[in-house]
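# Results of the structural survey
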Amino acid sequence: MRWKPDLSWSAVTPRADWLNRRQIMAGLATLTATPALARIEAAKSPLSTDAAPNSLEDITSYNNFYEFGFGKSDPAAYAGSLTTDPWSITIDGLVDRPGSYDLADVMKDQPLEERIYRLRCVEAWSMVVPWIGFELAGLLNRVGVQSGAKYVAFETLLRPDEMPGQRSASMPWPYREGLRLDEAVHPLTILATGLYGDPMPKQNGAPIRLVVPWKYGFKSIKSIVRISLVAEMPRTTWNELQPQEYGFYANVNPEVDHPRWSQASERRIGAGLFGGRVDTLMFNGYAEQVAGLYAGMDLRTNY
Ligand SMILES: Nc1nc2c(c(=O)[nH]1)N[C@H]1C(S)=C(S)[C@@H](COP(=O)(O)O)O[C@H]1N2
Ligand SMILES: [Mo]
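This structure is a prediction, so every number in the text was calculated from the model and none was measured.

### A few points about the overall build of the protein
Assigned secondary structure in the protein consists of ten helices and twelve strands. Sequence separation of at least 24 residues holds for 73% of the intrachain contacts in the protein that already meet a minimum separation of 6.

Next up, the structure:
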């Protein structure tokens, strides 16, 4: 986002203040005790793009994860201190089986697939990422969605001890996002738990994050701890901060410019300073699969 918070946490909090001794020791222990990460078995999917994925280096060094700072390299520098095990997700609202589920339970019986998707940030840069994940629809089926549910709301972990950005009030925490129910159960919508065949790097939203490839990247909320089935359109972080700039739908649309910049093209990260500009595609190239979700809607007013 080009939106500037009035007070950036990094300007007021020297790193040493929040990286305390306990965290340093815990970090060292994990470093020495963790064996090589197990590779994840995942089936290939016809829903993957055949575009060349970005390098692991690009994907893990150029990130937006404001809980760790506003700079693109802040998440890689600071997310290492995030404890992602144990992890549980509260599933509540209009569901038959609400509760607090362990990550392993959330993933139980959900077939993991590799999904190579384009990721288009509203700031007009993009990447191609080989996610590992499962369809959100599978999880929603398992918990039983009740008939009054129209939307799905998501929340990121709130843990200022480990997420230094959350010590600044420049954004309302926790980060929140939401989807309409039909968007949430679309087969392209996944909960991703890894990429490049390994568990999710922390800067990319470990241990589990949403990926909705036809929407601007800010919809793809990271490090999820709550999923709520609700009747009304839920509040979402960027819409709340700048409603004229960030709508609830946030479908990638080259014809509807952001108030402060064009959305007609994008800079493909890693493609070099001069070679990297490509045209932005309607629904980020997924129009064939998702345009029907918006039949009859004015996409200029429902941006
Ligand atoms: N919790 C949380 N989720 C988030 C963000 C964030 O700041 N906090 N940034 C969003 C934005 S703007 C983008 S473009 C993508 C970036 O995902 P990546 O860093 O894995 O490329 O994550 C999205 N999810
Ligand atoms: Mo973004």
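### Digging into the environment of P75
Within the fold, P75 resides in helix α5 (residues 74-78). The exposure class assigned to P75 is buried, which follows from its relative accessible area of 0%. Taking the C-alpha atoms as reference, P75 lies 8.1 Å from N204; in sequence the two are 129 residues apart. Apart from residues no more than four positions distant in its own chain, P75 is found in contact with N63, F65, F68 and Q203.

### Section: the pairing of strand β5 (residues 151-156)
The element β5 is largely enclosed, with a buried count of five among its six residues. Relative to strand β6 (residues 176-180), β5 runs antiparallel, the two being bridged by five bridges. The partner of A153 across the bridge, within β6, is G178. With six bridges joining them, β5 and strand β10 (residues 224-230) adopt antiparallel strand pairing. Residue pairing across strands places F154 opposite I227, the latter belonging to β10.

### Points about the side chain of Q263
Within the secondary structure, Q263 is located in the loop between α9 (237-241) and β11 (265-268). Given the relative accessible area of 1%, Q263 is considered buried. Once residues lying within four places of it in the same chain are set aside, the contact partners of Q263 are R120, V122, A124, Y216, N253, P254, V256, D257, H258 and T280.

### Topic: the confidence of the model for the protein
With 87% of its residues at a pLDDT of at least 70, the protein reaches an overall mean of 90. Note that pLDDT drops below 50 for residues 1-35; the model gives that stretch 45 contacts with residues more than four away or on any other chain.

### Some remarks on unusual backbone geometry
The residue after D85, namely P86, is reached through a cis peptide bond having omega 5°. Residue position: P86 is located in the loop between α5 and β1 (88-93). Here A206 and P207 are connected by a cis peptide whose omega angle stands at -5°. In the Ramachandran plot, Y196 falls in the positive-phi region, its phi being about 50° despite a non-glycine side chain.

### Quick word on the UniProt feature "binding site: Mo-molybdopterin" (unreviewed entry) in the protein
UniProt's feature table lists "binding site: Mo-molybdopterin" (unreviewed entry) at N63, Y66, E67, C121, T156, N204, R209, S220, I221 and K222, given in the numbering used throughout. Along the chain, the position of E67 falls in the loop between α4 (56-61) and α5. E67 sits in the buried class, given a relative accessible area of 2%. Excluding residues that lie within four positions of it along the chain, E67 makes contacts with T156, M163, P164, G165, Q166, W173 and Y175. Mapped onto the elements of the fold, N204 is located in the loop between β8 (198-199) and β9 (209-211). Among all residues touching N204, those that are not within four sequence positions of it are I59, T60, N63, L195, R209 and K222. At a separation of 3.0 Å, a polar atom in the side chain of N204 contacts the main-chain carbonyl oxygen of I59.

Rules of the game
- Residues numbered from 1 in each chain as written.
- Chains lettered and ligands numbered in written order.
- Predicted model: local features only at pLDDT ≥ 70, side-chain atom pairs only at ≥ 80, totals over all residues.
- Heavy atoms only, no water.
- Helix = DSSP H or I, 4+ residues; strand = E, 2+ residues; numbered from the N terminus.
- Contact = heavy atoms within 4.5 Å.
- Buried < 20%, exposed > 50% of the residue type's maximum accessible area, 1.4 Å probe, protein only.
- Pairing = 2+ DSSP bridges.
- pLDDT = per-residue confidence, 0-100.
- UniProt positions renumbered as here; feature names shortened; annotations may be inferred.
- Polar contact = N/O pair within 3.5 Å; in protein donor to acceptor, adjacent residues only side chain to side chain.

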